[in-house]
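Listed here are the chains, written in short residue letters.
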Amino acid sequence: MENQGKSPSLFKHLRDILILPFTVTVIVPYWIYTGEQGFIPGNWLVKGLGIVMMALGLLLFSLTVRLFASKGRGTLAPWSPTQRLVVSGPYRYCRNPMISGVLFILIGESLLLHSDHILIWAGIFLFINTVYFIFYEEPGLVKRFGEEYVAYKKEVPRWIPRFTRYKGRNTVG
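The text that follows walks through the structure, step by step, so that each part is easy to find. Bear in mind the structure is a predicted one, so any value in this text is a computation, not a measurement. (Residues numbered from 1 in each chain as written. Predicted model: local features only at pLDDT ≥ 70, side-chain atom pairs only at ≥ 80, totals over all residues. Heavy atoms only, no water.)

Things to note about the overall build of the protein chain
Then, in step 1: Looking only at helices and strands, the protein chain has six helices and zero strands in total.
Then, in step 2: When the helices and strands of the protein chain are placed in sequence order, the string is α-α-α-α-α-α.
Then, in step 3: Scored against the burial criterion, the 173 residues of the protein chain give a buried share of 41%.
Then, in step 4: The contacts of the protein chain with a sequence gap of at least 6 include a subset with a gap of at least 24, amounting to 72%.
Then, in step 5: Positive and negative charge centroids in the protein chain, built from 19 and 10 side chains respectively, lie 10 Å apart. (Helix = DSSP H or I, 4+ residues; strand = E, 2+ residues; numbered from the N terminus. Buried < 20%, exposed > 50% of the residue type's maximum accessible area, 1.4 Å probe, protein only. Contact = heavy atoms within 4.5 Å. Lys, Arg positive; Asp, Glu negative; His and termini not counted. Charge placed at Lys NZ, Arg CZ, Asp CG, Glu CD.)

Now the structure itself:
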């Protein structure tokens, strides 16, 4: 684990981004993309929606990585977790907006490239993360942050954002 109170280096953030989301959004789609049009139409409207989804996903992902570094003092990787619970920004509406950002990028790629294989990969990615969060991540957060996380978890949904922001008393940021 990182030194208490000190945010991980830029190198560690870049390393973890390359290992996890870059692999998920670039390397795996490159491997599975066949170039054949599946059931997703390849018209300009669908491609435009794909570009918008990718841009929104990248924006959401970038914002959450910055919050992890500045407020949480950790990276997105489980081997270098945040030292403080982050419940500001998009985390006030959804417990896992970073994963949502990556999912938006994958769905955007599937629309832009009209690739049903990438869309199926997006579904697999969501399933894997749901299982991971339920059985590993969330119990670990309860151990690390105790009642603060339990209260947050009770009020803020895992994937589908709430309409009002979370106003927990011990929020960071």
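Alright, that's what it looks like, and here's the rest.
As for a nonpolar patch on the surface
Then, in step 1: Judged by side-chain polarity, I120, I124, F127, I128, V131, I134 and F135 come together as a nonpolar surface patch covering roughly 680 Å² of accessible area.
Then, in step 2: Note that V131 resides in helix α5 (residues 116-145). (Patch = residues over 30% accessible without salt bridge, like charges linked within 9 Å, V, L, I, M, F, W, Y side chains within 5 Å. Areas by Shrake-Rupley, 256 points an atom, 1.4 Å probe, with all protein chains shown as cover. Salt bridge = Lys/Arg side-chain N within 4 Å of Asp/Glu carboxyl O.)

Description of the packing of aromatic side chains
Then, in step 1: A full pass over the atoms with the stated rule returns six aromatic pairs.
Then, in step 2: Ring geometry for Y132 versus F133: centroids 5.6 Å apart, planes at 90°, classification edge-to-face.
Then, in step 3: According to the relative accessible area criterion, Y132 is partly exposed, its value standing at 26%.
Then, in step 4: Assessed through its relative accessible area of 8%, F133 is described here as buried.
Then, in step 5: Ring geometry for Y149 versus Y152: centroids 6.1 Å apart, planes at 55°, classification tilted. With Y149 and Y152 both in helix α6 (residues 147-155), this residue pair falls three residues apart, about one helical turn. Note on accessibility: Y149 and Y152 belong to one class, buried.
Then, in step 6: Here the aromatic cluster, defined as three or more aromatic residues joined through ring pairs, consists of Y132, F133, Y136 and W159. (Phe/Tyr/Trp six-rings, centres within 6.5 Å; stacked < 30°, edge-to-face > 60°.)

A closer look at the layout of surface pockets
Then, in step 1: There is about 670 Å³ of room inside the largest pocket.
Then, in step 2: Along its surface, the largest pocket is lined by 32 residues, and L76, I99, Y132, F133 and E137 are the ones closest to its centre.
Then, in step 3: Elements supplying a minimum of two residues to the lining of the largest pocket: α2 (21-32), α3 (44-72), α4 (97-112), α5 and α6.
Then, in step 4: Here the lining of the largest pocket gets ten residues from one element, more than from any other, and that element is α5.
Then, in step 5: A breakdown of the residues in the lining of the largest pocket according to their chemical character gives 24 nonpolar, four polar and four charged. (1 Å grid on protein atoms, 1.4 Å probe; cavity = no way out; pocket = protein on both sides within 12 Å on 5 of 7 lines; lining within 4 Å. Points joined across faces, edges and corners; volume = space filled by probe spheres on them. Nonpolar A, V, L, I, M, F, W, Y, C, P; charged D, E, K, R; others polar.)

A word on the nonpolar core
A general tendency of soluble globular proteins is for nonpolar side chains to be buried together.
Then, in step 1: In this structure, Y91, M98, L106, F125 and Y152 are the most contacted members of the largest nonpolar core, which totals 27 residues.
Then, in step 2: For this core, the elements supplying multiple residues, two or more each, are α2, α3, α4, α5 and α6.
Then, in step 3: If near-sequence neighbours (up to four positions away) are discounted, F125 is found in contact with V24, I99, V102, L103 and L106. (Core = buried A, V, L, I, M, F, W, Y, C linked by side-chain atoms within 4.5 Å.)

Quick word on the pattern of salt bridges
Then, in step 1: Scanning the model with the defined rule gives five salt bridges in all.
Then, in step 2: For E138, the salt bridge is made with R95, and the minimal N-O distance between the two is 2.8 Å. With E138 in helix α5 and R95 in the loop between α3 and α4, the pair connects residues that are 43 residues apart, well separated along the chain.
Then, in step 3: The salt bridge involving R162 is made with E155; its shortest N-O contact spans 3.9 Å.
Then, in step 4: Several salt bridges converge on common partners, so that one network encompasses R95, E138, K153 and R158.

Some remarks on the packing of α5 against α6
How two helices sit against one another is set out by the angle between their axes and by the gap between those axes.
Then, in step 1: Two elements in contact, α5 and α6, have axes whose closest approach is 6 Å; the angle formed by their N-to-C orientations is 135°. With respect to α6, the element α5 is oriented oblique. When α5 is examined against α6, the residues E138, L141, V142 and F145 are found in contact with a partner set consisting of E147, E148, Y149, V150 and K153.
Then, in step 2: Here the contact of α5 with α6 is composed, by residue class, of five nonpolar, no polar and four charged. (Axes fitted to C-alpha atoms, helices over the stretch in contact; angles between N-to-C directions. Parallel < 35°, antiparallel > 145°, perpendicular 65-115°, else oblique.)

Just distances and angles here, no functional claims.
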